[in-house]
Amino acid sequence: MEKPTFYITTPIYYPSDKLHIGHAYCTVATDAIARYKRLQGYDVMFLTGTDEHGQKIEEKAKAAGVSPKEFVDRIVEGEKGVKDLWKLMNISNDRFIRTTDDYHVKSIQRIFRKMYDNGDIYKGKYSGMYCTPCESFWTESQLVDGKCPDCGREVKYAEEEAYFFRASKYAPRVRELLTGTDFLEPQSRVNEMVNNFIDCEGGLQDLCVSRTSFTWGVPVDFDPGHVVYVWLDALFNYVTALGYCNDEYDELDKYWPGVNIVGKEIVRFHAIYWPAFLMSVGLPLPKKVYGHGWLIFDGKKMGKSTGNVVDPYVLAERYGVDALRFFLLRTFPFGSDGSFSNELLISTINTDLANDLGNLLSRTTAMVGKYFGGTLPWEQEAGEEDADLLELLGGLRDRYETQMEKLQLQNGLAEVFRVIARANKYIDETTPWVLAKDETKKPRLARVLYNLLESLRICGTLLKPFMPASMDALAAQIGADEAAMSWEKANVWGVLPFEAAVVKGENLFPRINVEKELAALSALTAPKKDPIEPFKEDAVFDDFLKCDFRVCKVLKCENVKKSQKLLRFELDDGSGTTRQILSGIAAFYKPEELVGKTVAAIVNLPPRKMMGQDSNGMLISAVYKEKGEEKVRLLILDDAIPAGSVLC
Ligand code: ME8
C-alpha cells in the first residue's frame, strides 16, 4: 500500500549573517514534526532552504567587498554555514532550496509572467515609506511612532515605477480563509491579521511586487531593470521546490498542499499574500500556516541585527545536540514567545534528562545487570503496583498524538515525561533492592524490571523525533530493535521478550555542574571586544610639532548636496575669519546636532577640493569598530575653551 504523504517546510532563511539559535529553534521544531510523521508511517517531504535575493543581501555583500553570490555561498555552503548547522543539529530535511538555484529563478520568471498575463499583476508607481532591512513598504498609518512596525527601525520615503499584485481582489477570499477555517494557527493570530491588514482603513492594498532600485533579484524577463520583489520570489519556494513551473522535480501533485511553519513576524506574508498568490495561479492553498513564537533574550527578540544572538554551535558542542534540541522544544510552548537563558537550559537538561530519563535508564539497566546478569528470566510475577503505571503507559501514545497533531510539541513531551516520572515513582514503590534480597521474590523483581524496560521502550519511541541519536542509543541499551521502537508498537505492552537482555552503555545525559557551567558560558557568550587599530610606527617629534591643532566653534553645519558622506562646517577658529572644513561624517551625525559645539581641527594642511568645495583643514574624530562596524565620533571639547586655543 502506498504511504500517505506529508509535506512540511521551514521559512527559507536570509543568509545575511550566520544563523542563530532562533533559526535553529524553528528548524528543530519542524524537524521533530517531520520525524514524528515519518514515525507514524507517512511519506514525508521536509523542505528548508535560504532566501538569497534582495537589497539587504546586496548591501551586505558590498560592505564585505564580494559579489552577492559569493557572499551567500559562503554563508550557506561555507564552514559552519547554514548547511553545516543543519547537519550538526541532525536535521532530516529531504530537500534544500536556494532561491538562487537556476530552476527556482526560471520558475519565478514564469510565475510572474503568468500572473501578469492573467491580469493580477499590473504596472504602476509606488511611493511610500520603505524599511530597507525588512524590504517592506509601509503606509503612514501602519508605522509605529514613525518607524517600521516590524523591526522598529527608521523608514525613508521612496518612489519607483513598479509592478503591483492585485491583492485587493483576493481580500474577501483570504478573509474567509482566515476567519472560516483553521488555516492559520494559533488562532490567536487571526484577529491581528484580519484587523490590521484586511479590515483596516482602505482595506487590503495591492502589493508592490517589483523593484528597480537594486539589481540583486530575479529579473522580470519582459521588463529589464525590474527585479521581482523578494517576498514573491521567496514564498513560491514552497512549490517550486516540488517542481511547480520547472522540470527539476515532479512532485507537486504528490506533496502539495503542505504545512508552512513560520515565525510570528512573517505570518503576515504567509497568511495574506501567500494564499492570494496561490489563488492567482490556481494552486491549492497550504493545509496550514503555523506562526510560532520567538525566543527572547534579555527581553528582546533574538536577532541578527540586535546582536543578542546565541551560537548554537557553542551550546551543541557543550551539551550535545539532542539535549539542545530537547531543551528548545520542551521549554517553550511552540505558539508563544519564550525567554532563553543559560540557567533554564542547564536546569532543563539536569532535571528532565539527567535526573528523570537518564536515571531511569541507568538504574533499570544496572539492576537488570546486577540482579540477573543482564538478561531477565522467563518466570515473572505481576503485582498490584503495576496497574497504574501500565494504564498510564497504555494511553500514552494517544495522548501524545493528540498534542503532536496540534503541533503542541511541548505538551507532547510533557505527556512522555509524566510517564517517566511515574516510572521513577514505581521504582520507589516496588523497592527492587528489597525484592532482590529474597530469592522467592525474584519473579516479582523480574517483572518490575520488565515493566521499566517497556516504559523506556515506549517513551524512547515517542522521544525519537526529538532526540533521534540518543534514543537509538537508548534502544541499544534496552535491547529493542527497530520494530520494537515503532509507532505501531508504541501503544502495546509486552513487545520486548520477557527474557529481555540489556547492555549497560554510557550515561546518555550526564549531569551538569550548574555553577561551573554558567560561569564558563557567560565568559563564552560575553560580547566580543572589537579589536583596536594597530599602533603606528614611531613618528619624528619635530614633525608632530609642525601640525597646528586648534580649538574651533561650529557656527554652521549642513549636508553637502549630492554627497552621502560629507558635512560642510563653518567654523570660528579664533582668527576673526570663518574657516570652511568638509568632513566625511554625515553617516554619523545630523548636521543640526553639531551647531555650537567646540571641536578640534588641524588647520595648517593644504586646502583640498571635495565635491567642488574647498576644505581648509581636518576635524579630529575618533574612529573605532563596534561589533565589526566602523563608527566615527567627533572629538567634542569643553565649551569653556575659547576658539583658537592651541592643542599640544
Ligand atoms: O524572514 N525566535 O528570514 P529570516 C524564534 N527570508 N524564531 C526565530 C528567531 C527568534 N528569535 N529569529 C528567527 C525571513 N527565527 C525570510 C523568510 S519564507 C518564504 C521567507 C526564525 O532569516 C523564525 O522562524 O529573517 C522566523 O520566522 C525566521 O527564523 C526568519 O528568518
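Residues numbered from 1 in each chain as written. Predicted model: local features only at pLDDT ≥ 70, side-chain atom pairs only at ≥ 80, totals over all residues. Heavy atoms only, no water.

Asker: What exactly am I supposed to notice about the site of the ligand here?
Answerer: Around the ligand there are 26 residues in total, and I12, Y14, D51, H292 and L295 lie nearest to it. The contact in question runs from an oxygen atom of the ligand to an N or O atom on the backbone of G263, over 2.9 Å. With the chains in place, 96% of the 670 Å² that the ligand exposes on its own is no longer accessible. Those elements that place two or more of their residues in the shell around the ligand are β1 (5-13), α1 (21-40), α8 (230-235) and α9 (237-240). Broken down by element, the shell around the ligand gets its largest block of residues, four residues, from α1. Looking at side-chain class alone, the shell around the ligand contains 14 nonpolar, eight polar and four charged residues. (Near = heavy atom within 4 Å. Polar contact = N/O pair within 3.5 Å; in protein donor to acceptor, adjacent residues only side chain to side chain. Areas by Shrake-Rupley, 256 points an atom, 1.4 Å probe, with all protein chains shown as cover. Helix = DSSP H or I, 4+ residues; strand = E, 2+ residues; numbered from the N terminus. Nonpolar A, V, L, I, M, F, W, Y, C, P; charged D, E, K, R; others polar.)

Asker: Would you mind showing me how to read the pairing of strand β4 (residues 121-131) here?
Answerer: Successive side chains on a regular strand alternate, one facing one side of the sheet and the next facing the other. Relative to strand β6 (residues 156-165), β4 is paired through ten bridges, and the arrangement is antiparallel. Across the sheet, the residue bridging to M129 is Y157, located in β6. One ladder, built from three bridges, connects β4 with strand β5 (residues 136-138); its direction is antiparallel. Pairing of Y130 across the sheet is with F137, part of β5. The turn joining β4 and β5, which pair antiparallel and follow one another in sequence, is formed by four residues; a positive phi near 50 degrees is taken by E135. (Pairing = 2+ DSSP bridges.)

Asker: Hey, could you run me through the pairing of strand β2 (residues 43-50) in this one?
Answerer: When you tally the buried positions in β2, you get eight out of eight residues, the bulk of the element. The two faces of β2 match: D43, M45, L47 and G49 on one face and V44, F46, T48 and T50 on the other face are all buried. Pairing geometry for β1 and β2, over seven bridges, is parallel. For T5, the partnering residue across the bridge sits in β2 and is D43. A crossover connection joins β1 to the parallel β2 through α1; in handedness this β-α-β unit is right-handed. (Buried < 20%, exposed > 50% of the residue type's maximum accessible area, 1.4 Å probe, protein only. Right-handed = clockwise from strand over helix to strand, strands pointing away.)

Asker: Would you mind going over the packing of helix α14 (residues 342-372) against helix α17 (residues 409-430) with me for this structure?
Answerer: Axis angle and axis distance: for two packed helices, these are the angle between their axes and the distance between the axes, and together they describe the pair. For the pair α14 and α17, the least separation of the axes is 10 Å and the interaxial angle reads 45 degrees. Here α17 runs oblique to α14, going by the angle between their axes. Crossing geometry of α14 relative to α17 is assigned as left-handed. Between α14, through D352, L353, N355, D356, L357, L360, R363 and M367, and α17, the contact on the second element is made entirely by F417, I420, A423, N424, I427 and D428. (Axes fitted to C-alpha atoms, helices over the stretch in contact; angles between N-to-C directions. Parallel < 35°, antiparallel > 145°, perpendicular 65-115°, else oblique. Left-handed = near helix turned anticlockwise from the far one by under 90°. Contact = heavy atoms within 4.5 Å.)

Asker: Please explain unusual backbone geometry as it appears in this structure.
Answerer: For residues other than glycine, phi is negative in most cases, and the peptide bonds are mostly trans. In this model, E185 is joined to P186 through a cis peptide bond whose omega is -10 degrees. You can see P186 is positioned in the loop between β7 (184-185) and α7 (188-198). Each neighbour pair has its own omega, and for W256 with P257 the value is 5 degrees, a cis peptide bond. With respect to the helices and strands, P257 occurs in the loop between α10 (252-255) and β11 (259-263).

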